[in-house]
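# A closer look at the structure
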Amino acid sequence: MFASIAKMLRWCPRWGVSAAVVALILWLTLAPHPVGDTELPLFPGADKLVHAIMFGALTLCLWFDSGRRSGSWNPPSMPTTLGFALASALFGLLIEWLQLRMQMGRGFEWADAAADLAGCLLVWIITGLVRR
C-alpha cells in the first residue's frame, strides 16, 4: 500500500499535496453550504475538532512536502516545522477574518482560531517526536 502511495506522489508536484489541502480548507470554510443543505448530527464542539484536524493536516502536509526532494525524503528541522505550524494558524486566522468580511452566513470566532492553532501545534509536537 505504501509503495503505491509513494509511486503516486512521485508525479505530484512538490507542493501539490499542500496546495490541495489549502483548496479543500478554503472550500470547507468559505463556502456558505460546503456539504449542501444537509445538517450533520454532531456532538457539541465538533466543529472545533474539525478545525484542529484541518489546520493540523495542513501543517503536516507542509512538513511532508518540504521534506520531499528528488527521490528521497528528509524531514525539515523543528524551527522550520514551527514556521509551518504558525503559518497554518495565521491562515486559519485569515479565514476567520474573511468569513466576517464576506458576510455569507459565517462569522469570526476566536474559538475556531484557537482550535486551528491547537491542531497546528499538536502536529508540530508530533513531528518533533517522529524526528527522534
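### Things to note about the packing of aromatic side chains
In the structure shown here, the tally under the stated rule is three aromatic pairs. When the ring of Trp15 is compared with that of Phe84, the centres are 6.4 Å apart and the planes differ by 70°; the resulting orientation is edge-to-face. Of this pair, Trp15 sits in the loop between helix H1 (2-11) and helix H2 (16-30) while Phe84 sits in helix H4 (residues 78-102), and the two are 69 residues apart along the sequence. Ring geometry for Phe108 and Trp110: centres 4.8 Å apart, planes at 75°, overall edge-to-face.

### A few points about a nonpolar patch on the surface
Together, Phe43, Leu49 and Ile53 line one region of the surface with nonpolar side chains, adding up to about 310 Å² of accessible area. Relative to the helices and strands, Ile53 is located in helix H3 (residues 46-67). Taking relative accessible area as the criterion, Ile53 reaches 53% and is therefore assigned exposed.

Cut-offs and rules
Residues numbered from 1 in each chain as written. Predicted model: local features only at pLDDT ≥ 70, side-chain atom pairs only at ≥ 80, totals over all residues. Heavy atoms only, no water. Phe/Tyr/Trp six-rings, centres within 6.5 Å; stacked < 30°, edge-to-face > 60°. Helix = DSSP H or I, 4+ residues; strand = E, 2+ residues; numbered from the N terminus. Patch = residues over 30% accessible without salt bridge, like charges linked within 9 Å, V, L, I, M, F, W, Y side chains within 5 Å. Areas by Shrake-Rupley, 256 points an atom, 1.4 Å probe, with all protein chains shown as cover. Salt bridge = Lys/Arg side-chain N within 4 Å of Asp/Glu carboxyl O. Buried < 20%, exposed > 50% of the residue type's maximum accessible area, 1.4 Å probe, protein only.

Without other data, these values stay purely geometric and don't point to any function.
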